[in-house]
Structures are given as C-alpha cells and as structure tokens.
Amino acid sequence: IVFSGNGPSGICLSYLLSGYTPYFKRHSLHPHPILQRKLEEAPEVSILDQDLEYLSEGLEGRSHSPVALLFDTLQRPDTDFGGTEESVLTWWQEPDRAIPHLVLGRNAPGGAWHSIEGSMVTLSRGEWMGLPDLPFKEWLKQKRRGLRNNRATAEDIAQYYQHYVMKKGLQKNFRCGTVVTSVRKVSAESIPHHAQKDLQEDGDSLWSSNEQSAEVFQVDGFFKTVEGDKEPFSIYAENVVLATGTYDNPTWLGVKGENLSYVHHQLSALEEAVKNNSVGIMSDPVLIVGAGLTAADAILFAHHCNIPVIHVFRRRVGDPALIFNQLPKMMYPEYHKVHQMMKEQTAACAGPYERYISFPEHHVLSFGKDKKCIFQDKNGCQKAYKISMALVLTGSNPNLSFLPNDGIDLAVDSDQPVNPKRNPIDVDPFTYECTQEKGLYALGPLAGDNFVRFVQGGALAVASSLLKKANKNPP
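Notes on the structure follow. Owing to the predicted nature of the structure, the values given are computational and were not obtained by experimental measurement.

Let's talk about the packing of aromatic side chains
Reasoning step 1: Within the structure shown, the criterion is met by 11 aromatic pairs.
Reasoning step 2: Relative to Y164, the ring of Y160 has its centre 6.2 Å away and its plane inclined at 50 degrees; by these criteria the two rings are tilted. With Y160 and Y164 both in helix 6 (residues 154-167) and four residues apart, this pair spans about one turn of that helix.
Reasoning step 3: Y160 sits in the buried class, given a relative accessible area of 0%.
Reasoning step 4: Overall, Y164 belongs to the buried group, its relative accessible area being 0%.
Reasoning step 5: A ring pair is formed by F359 and F375, whose centres lie 5.0 Å apart and whose planes are at 65 degrees; its orientation type is edge-to-face. Taken together, the positions of F359 in strand 15 (residues 356-359) and F375 in strand 17 (residues 372-377) put the pair 16 residues apart, joining distant regions of the chain. Comparing F359 with F375 shows no difference in burial state: the two are buried.
Reasoning step 6: Through pairs of rings, three or more aromatic residues link up here, namely Y15, Y20, F71, W91, F136, Y160, Y161 and Y164.
Reasoning step 7: The ring centre of Y20 lies 6.0 Å from the NZ or CZ of K168, which sits over that ring.
Reasoning step 8: Against the face of F222 rests K230, its NZ or CZ located 4.7 Å from the ring centre.

Some thoughts on the side chain of T178
Reasoning step 1: Tracing the sequence through the fold places T178 in strand 8 (residues 178-187).
Reasoning step 2: In terms of polar contacts, T178 uses its side chain to reach the backbone carbonyl oxygen of R175, at 3.1 Å.

Comments concerning the sheet that holds strand 18 (residues 382-386)
Reasoning step 1: One open sheet holds the three strands; their spatial order is 16-17-18, and the pairing between them is antiparallel. Unpaired on one side and paired on the other, strand 16 (362-367) and strand 18 mark the two borders of the sheet. For this sheet the average axis-to-axis angle between neighbouring strands, irrespective of direction, equals 30 degrees.

Thoughts on the side chain of R453
Reasoning step 1: Tracing the backbone through its elements, the reader meets R453 in helix 11 (residues 452-469).
Reasoning step 2: A polar side-chain atom of R453 sits 2.7 Å from a polar atom in the side chain of D72.

Digging into the packing of helix 4 (residues 66-75) against helix 11
Reasoning step 1: Running from N to C, helix 4 and helix 11 cross one another at 110 degrees; their axes reach a closest spacing of 7 Å. Regarding the angle of helix 4 to helix 11, the classification is roughly perpendicular. Taken together, the residues of helix 11 that come into contact with helix 4 (itself represented by V67, A68, L69, F71, D72 and Q75) are R453, F454, Q456, G457, L460 and A461.
Reasoning step 2: When grouped by side-chain class, the residues that make up the contact of helix 4 with helix 11 number seven nonpolar, three polar and two charged.

Quick look at the environment of E344
Reasoning step 1: Among the structural elements, E344 can be located in helix 10 (residues 333-344).
Reasoning step 2: Overall, the relative accessible area of 29% leaves E344 in the partly exposed class.
Reasoning step 3: In this structure the C-alpha to C-alpha distance between E344 and S358, which are 14 residues apart in sequence, comes to 8.5 Å.
Reasoning step 4: Of note is the side chain of E344, whose polar atom sits 2.6 Å from the side chain of Q340.

Focus: the sheet that holds strand 20 (residues 440-442)
Reasoning step 1: Strand order in this open sheet of five strands is 7-4-1-11-20, and the pairing throughout is parallel. Of all the strands in the sheet, the pair left with one neighbour each is strand 7 (174-176) and strand 20. Across the sheet, the axes of successive neighbouring strands diverge by a mean angle of 20 degrees, strand direction being ignored.
Reasoning step 2: In the sheet, strand 4 (residues 102-105) pairs with strand 7 via three bridges, with the strands oriented parallel. Bridging from a neighbouring strand, L104 pairs with R175 of strand 7.

Considering the nonpolar core
Reasoning step 1: In terms of nonpolar packing, the biggest core is built from 82 residues, with L13, V219, L242 and I425 touching the most fellow members.
Reasoning step 2: Ranked by residues supplied to this core, first place goes to helix 11 with nine residues.
Reasoning step 3: Those residues in contact with I425 that lie beyond four places of it in its chain are L242, L400, L410, A411, V412, V418, C434, A442, L446 and A447.
Reasoning step 4: Core analysis: the next-biggest nonpolar cluster, separate from the first, contains 32 residues, A296, F301, Y335 and L393 among them.

As for helix 1 (residues 8-16)
Reasoning step 1: Burial runs high along helix 1: nine of the nine residues are buried.
Reasoning step 2: Residues of helix 1 that are buried: P8, S9, G10, I11, C12, L13, S14, Y15 and L16.

Quick notes on the pattern of salt bridges
Reasoning step 1: Here the structure, examined in full by the defined rule, presents 12 salt bridges.
Reasoning step 2: K25 is the salt-bridge partner of E86, the closest N and O atoms lying 3.5 Å from each other. Here the residue E86 occupies a position in the loop between helix 4 and strand 3 (89-93), and K25 occupies one in the loop between strand 2 (20-24) and helix 2 (33-41), the gap between them amounting to 61 residues.
Reasoning step 3: In this structure, the salt-bridge partner of D72 is R76, at a minimum N-O distance of 3.2 Å.

The rules behind each value
Residues numbered from 1 in each chain as written. Predicted model: local features only at pLDDT ≥ 70, side-chain atom pairs only at ≥ 80, totals over all residues. Heavy atoms only, no water. Phe/Tyr/Trp six-rings, centres within 6.5 Å; stacked < 30°, edge-to-face > 60°. Helix = DSSP H or I, 4+ residues; strand = E, 2+ residues; numbered from the N terminus. Buried < 20%, exposed > 50% of the residue type's maximum accessible area, 1.4 Å probe, protein only. Lys NZ or Arg CZ within 6 Å of the ring centre and 35° of its normal. Polar contact = N/O pair within 3.5 Å; in protein donor to acceptor, adjacent residues only side chain to side chain. Pairing = 2+ DSSP bridges. Axes fitted to C-alpha atoms, helices over the stretch in contact; angles between N-to-C directions. Parallel < 35°, antiparallel > 145°, perpendicular 65-115°, else oblique. Contact = heavy atoms within 4.5 Å. Nonpolar A, V, L, I, M, F, W, Y, C, P; charged D, E, K, R; others polar. Core = buried A, V, L, I, M, F, W, Y, C linked by side-chain atoms within 4.5 Å. Salt bridge = Lys/Arg side-chain N within 4 Å of Asp/Glu carboxyl O.

Next up, the structure:
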C-alpha cells in the first residue's frame, strides 16, 4: 500500500496499519448513552473490526463525516462542551495485524505544517491537533510549555508530528523528500518481473485470496537526494491512498497582471518582504485580497509591523458564511479584532485603526505594471490604488496533476476540478474508497475533512477497509 502525503492523515493511517489497534476501554463511561450501549456489546472486538456505520449512527457534531465524528468522540468524548473527559479507547500493539505500507511526502512527517510560519497560532484548540494515544498537551508539558489561549503554534505542531512518528516507531514506513509525478492503473501482467515478485511476496502477507488483482497501481516519481539530484522511482501497489492535502496550490483570481512579480499568493511572501525591508512603515500599502483566516493572519502580521494595508474582499462583513461570524469571540480574540477592523474601517467611514482600510463587496479587476491596482464595487464603481505588493489569499486547491485528468473524474461533480470545500473526491463514507476507482482511497481535505481532529476518522475507515481486504480481522 502506498500513501501520497505525510501530513496528519498519512501519519494517523500509518499508525493504524502498523498493528496499533483500538479497543473500548473496559469500565469507561461515554457521555453518549446509545454509543456507550453499542460499545459494551463487543468490548473484546477491536473498533477496526466493528461495523463503523452502526457505531456512528445518530452522532452529531461539526463534521459531515459519520466516521470522523465517531473516532473524534471516542478520543475526546465531550470536548465540544469544554469537557476534558478521557478517551474511552485503549490501544494494543498487535504486530501480526500490521500491513506493509509506504508513506511518500515532500517534507518531513507533518506535511504542510513545516511550510507554515512557525509563530502562527492554530485555529483549532491545541488538544484537537493531537494524534491517537499521545495527547498533544502531554507532549507540550514535557517541553515545559503551556498552550496560549488553548491554541498551539505551527512550529509546535510540526515538531509534535515528527516526534509522534519517532515515538511510535513509524519512521521505517516514511520516505521523505519524494515527489509523486504519476499514479495510474496498469495490467498486473505488464509490470517488470522483479516487481511482480515483490508484489507476490507482499501479497502473501496481505491478500489471503488466491486471486491476484488483474490490475495494480503504478506510482512514479522522484526522490531528492542530499546532493540535490533527482532519483526516479516506480512502485507497484494494489491500493493507493491520496492524502496530499491542499496547501501547495493557491487559488488565482484570473485577472490581468496577476503574474507580475509584485503579486503573490502565499503569506510567506509578506514575511520575506518584511525581512528584506522591501516593505515597511513608509511604503505604499500592501493589498490583501480575501476574507478567510490566511488573509486575517496577513492583516495581523502587517498590523504588528505597522505596514499600511488595503483589504479587498467580495462578501458583506455581516455575511453568515464569513468565517469570522462562525468563531466564538472569547476563543479567537485576534480574529475578532480583524473582523472589527473590517467592519469599522471602510473607505466610506474612517475608524480608530491606523494604516488599514477595508473594501467589502469589491473585487480586483487588474494589476498594472506601475503597481497600480484597479478594483470595482458591486455597483460597478472603480477605484485605483498604488500599492507596494499584493497578496491574493483566497484559498488553495489540491495539486492532483499526478492523476489522469487531474483527478477530476474522481470528484463528486466530475465536470469541475477537485475542491476541498465545494467539490471533494467522491468516497464511500465508511471506507473512504473512491467510488469511481476501486483500490484508490482519499483522506483529509481531498475527501472534504478539513480539520486535523476530523481527518483521523477517515484514517480509521481506510484502515478498517484495508484490514478487511487483507482478512487480518478476526471473524
């Protein structure tokens, strides 16, 4: 089995496929009485071997995935109500149930968390960033650190994920510095003889059925050596798990001049510009486009550095779909401050915040070579501003260029590109196997699960499905 992507989804699945097996902890009490009754029916049977659809029926919460809600509530029973109930799971290592697998990723284990500015604070509460059987808070205590306002920094999270892989002995399954360039189905007969032999050997431990698959996946890519060379590889696998996330392909507006050198699509460009002193207190304003959390992070960073900001976004400030209108004020004071600025400091009425001006219900028309940006309001009225740089922070899309037709055929709407919020990959909700391609699985944002606490349920579903295929489940 090969996974593409070594972020939290890939790490969690590697843990579950390495023989670590969850059971209901005897004498523990879950606050959900119906779930408690179901868990008591077969405490000697691993959660991986039980009927996930039956266990998750009737659960409600902040995810649309029943299995995500199930695994989350087993690990953090009453966390949405501020409770600190212990997990009702106990973990046993059963090496005979391990399934051979490889986790391929560009970075160190932790994926995109290594690319995020280290001081950035997570949106989710720190304890929600943890992986099974190693609470994040406990790890942080060992570093003699506490959580600021219940939240963690990106640097902490990246280090924790690396530590988790080492602590659980998963590193032998990880190949970092790899880039996957192609995943496609090929006839089992057409693959080289030595690869057939490897598959056969793994197959004996994996597939009890005598029928070897007529088709397998060929995974091509390259490995970046310490010297900077690229060594190509080809791997053959009966199952492939897509866990690549969405961080590396920012959305473009598609307007004139967007490819000019002063227009950027990642927050790191602003951090770099501040370091190089190319923007500062006396420079022309920085234009920030977008009204999500990354745009808010950019505004906070610029505000902290006294850099003037022009903020353009399409929605109304009071739009219920705006993320700020969904966050509790007490828990997210800094984002509440940005929302306040967006409301009170528009071009139409000056407010108390210096060096910031917001343009709700506006969109960018063009970027000029002279660093003049033109944008337009909902009535068609246009404005031009001279800026020092632009940051277009309107979300990101997965890069699935390694799949046939960029993976579009796998999406819920197969006429549109895969998008984690609007058009995820179409998967079975209880196995996370792609409905359009058997043997191919999708996890995390690709399947519509966008928070670390909920991607783990997808890993549970995949592991359960693969164990059933491998017949490593007791009857």
